[in-house]
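An overview of the molecular structure
Now for the letters of each chain:
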Number of protein chains: 2
Amino acid sequence: MPKKRILPYVLLGLINNKGSLSGYQISQEFKHEVGDFWHASHSQIYPELARMKDDGWVEDNNDGKSTYYKITDEGSKVMRTWLEEPLEDNEELFSLKLYFIKDKSDPLLKSLINQELDINKKKYDYLKKRLAEVFEDDNKIQDNYGHYLILTRAIEREKNHILWLEKNS
Amino acid sequence: MPKKRILPYVLLGLINNKGSLSGYQISQEFKHEVGDFWHASHSQIYPELARMKDDGWVEDNNDGKSTYYKITDEGSKVMRTWLEEPLEDNEELFSLKLYFIKDKSDPLLKSLINQELDINKKKYDYLKKRLAEVFEDDNKIQDNYGHYLILTRAIEREKNHILWLEKNS
DNA sequence: ATTTCCATGTAATATGTTACATGATTAT
DNA sequence: ATAATCATGTAACATATTACATGGAAAT
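Residues numbered from 1 in each chain as written. Chains lettered and ligands numbered in written order. Predicted model: local features only at pLDDT ≥ 70, side-chain atom pairs only at ≥ 80, totals over all residues. Heavy atoms only, no water.

The name that an unreviewed UniProt entry assigns to chain A is PadR family transcriptional regulator, with the source organism given as Companilactobacillus nuruki.

Next comes the structure, spelled out in structure tokens:
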């Protein structure tokens, strides 16, 4: 299976959120709004918008100065399908998808949180198992202290994430 | 400035940690040990090892079955220099560097933690500022609930990370 | 006037994944 | 015997960054 593309959905989501955006405006969005959770450079954005237009996901409209893109019905379907795809172990994707959910009562919100909860509980268990395996005794901790630190850190990170997810589920 | 390469230092660090490794063994390491913090495929590993040998960072030794690499004095210097480079805002790099610090009393350990602390305090402040800016009133929260959620999540994440860093500094 | 920002595009380069290939050894 | 694992390598493809390039508009 080829690796999942994310960029087109990000662009689609941004265009959908704002109603209509130009390539330049999208590149500005990455410097501000979404910038904390995702990034793309203009040399990616412009060709991708052209492809999306070819695929009928967006329509363009030039006012003489800029070319603005808005989502088509086809594009809305594609976006929704992507949002509803099962989550993988990728916290960035989780954040990104949440970013595109505007309405608090959208059932997708609970669904995403529950999926992420599932994924992270498994990861938490896995990491705790790893810690027990790799550092059965204190000697091993002293011999690979850095590894010990980041493993314990990763476990705590998962624990906090799970707590937050449960609080918001 | 060209983007910093990380792969060669990962390979160098692994070879250094284990004393001697073959390309195949390194690819196995990524499936187990370091796998939680970094990954590389064999099609990256083999050419990179060849380049590192060209650069005099490693020496190779073939036992007829596998080619084993061990670090040279030059390689050790390169590795140390990399570890001592100022950290950037990249939690993965922080984890990776920690992974290569075996000794609890290595001064680099405190240094890395303090650098990461600095970076993350700034990020924490930045995110809190963003939250205040973007969601000044409750209406805005209702209008972009997903964004609100991930921003508050990101803030809590930083807070926990800072607490952990302070505990271990 | 000249710098900065708006606006778009392509080319060169770097990086990373998947696929294609091959041959030896070990386990079932 | 045959499937799985060991072991290494290259080719094709996808993705992403930096650099190169251009022209108009707005600001200093």
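**Focus on the protein's contact with DNA strand D**
The local shell around DNA strand D holds 13 residues, among which A:Ser43, A:Gln44, B:Tyr24, B:His42 and B:Thr67 are the closest. When the atoms of DNA strand D within 4 Å of the protein are sorted by group, sugar and phosphate make up 62%. Between DNA strand D and A:Ser43, the relevant distance is 2.7 Å, taken from a base oxygen to a side-chain nitrogen or oxygen of the residue. Tallied by class, the residues present in the surface near DNA strand D amount to two nonpolar, nine polar and two charged. (Near = heavy atom within 4 Å. Polar contact = N/O pair within 3.5 Å; in protein donor to acceptor, adjacent residues only side chain to side chain. Nonpolar A, V, L, I, M, F, W, Y, C, P; charged D, E, K, R; others polar.)

**Description of the relation of the copies chain A and chain B**
For the pair chain A and chain B, the superposition axis carries a translation of 0.0 Å, the fit reaches an RMSD of 0.0 Å, and the rotation angle comes to 180 degrees. Such a combination of rotation and displacement between the chain copies is what one expects of a two-fold axis. Looking at the interface residues of chain A, 100% of them are also at the interface in chain B, so both copies use one shared face. (Least-squares fit on C-alpha atoms with pLDDT ≥ 70 in both. Contact = heavy atoms within 4.5 Å.)

**Section: the interface of chain A and chain B**
Taken together, the contact between chain A and chain B spans 37 residues of the former and 37 residues of the latter. Summed over the three residues of chain A that lose the most area to chain B, namely A:Ile150, A:Arg153 and A:Trp164, the buried surface amounts to 20% of that side. For the interface between chain A and chain B, the tally reads eight salt bridges. For B:Asp36, the salt bridge goes to A:Arg130, with nearest N and O atoms at 3.3 Å. Summed over the shared surface of chain A and chain B, the result is 14 residue pairs in polar contact (both at pLDDT 80 or more). Residue composition of the side of chain A that touches chain B, grouped by class: 15 nonpolar, 10 polar and 12 charged. (Buried area = accessible area lost by both parts, 1.4 Å probe. Salt bridge = Lys/Arg side-chain N within 4 Å of Asp/Glu carboxyl O.)

**Regarding the UniProt feature "domain: Transcription regulator PadR C-terminal" (unreviewed entry) in chain A**
UniProt feature "domain: Transcription regulator PadR C-terminal" (unreviewed entry): in the numbering of this structure it lies at residues 94-167 of chain A. Along residues 94-167 of chain A, the helical share is 85% and the strand share 0%, with 16 Å between the first and last C-alpha atoms. (UniProt positions renumbered as here; feature names shortened; annotations may be inferred. Helix = DSSP H or I, 4+ residues; strand = E, 2+ residues; numbered from the N terminus.)

**Let's talk about the side chain of A:Arg153**
Among the secondary structure elements, A:Arg153 is positioned in helix 8 (residues 145-167). Looking at A:Arg153, the relative accessible area reads 4%, which means it is buried. (Buried < 20%, exposed > 50% of the residue type's maximum accessible area, 1.4 Å probe, protein only.)

**So, the environment of A:Lys97**
All names here are of chain A. Tracing the chain through its elements places Lys 97 in helix 5 (residues 91-99). Judged by its relative accessible area of 2%, Lys 97 is buried. Residues Lys 97 and Asp 36, 61 residues apart in the sequence, show an inter-C-alpha distance of 13 Å. Those residues in contact with Lys 97 that lie beyond four places of it in its chain are Trp 82, Leu 83, Glu 85, Leu 87 and Leu 112.

**Focus on the protein's contact with DNA strand C**
What surrounds DNA strand C is a group of 14 residues, the closest being A:Tyr24, A:His42, A:Thr67, B:Ser43 and B:Gln44. One nitrogen or oxygen atom from the side chain of A:His42 is found 2.7 Å from a base oxygen belonging to DNA strand C. Contributing elements (two or more residues each) for the surface near DNA strand C: helix 2 (23-29) and helix 3 (42-54) of chain A together with helix 3 (42-54) of chain B.

**Some thoughts on the UniProt feature "domain: Transcription regulator PadR N-terminal" (unreviewed entry) in chain A**
The UniProt record marks residues 11-80 of chain A with the feature "domain: Transcription regulator PadR N-terminal" (unreviewed entry), using the residue numbering of this structure. Secondary structure content for residues 11-80 of chain A is 51% helix and 17% strand, while the C-alpha to C-alpha distance between its ends is 13 Å.

**A short note on a negative patch on the surface**
The grouping of A:Asp54, A:Asp55, A:Glu59, A:Asp73 and A:Glu74 at the surface amounts to a negative patch. Inspection of the secondary structure assignment puts A:Glu74 in helix 4 (residues 73-84). (Patch = residues over 30% accessible without salt bridge, like charges linked within 9 Å, V, L, I, M, F, W, Y side chains within 5 Å. Areas by Shrake-Rupley, 256 points an atom, 1.4 Å probe, with all protein chains shown as cover. Lys, Arg positive; Asp, Glu negative; His and termini not counted. Charge placed at Lys NZ, Arg CZ, Asp CG, Glu CD.)

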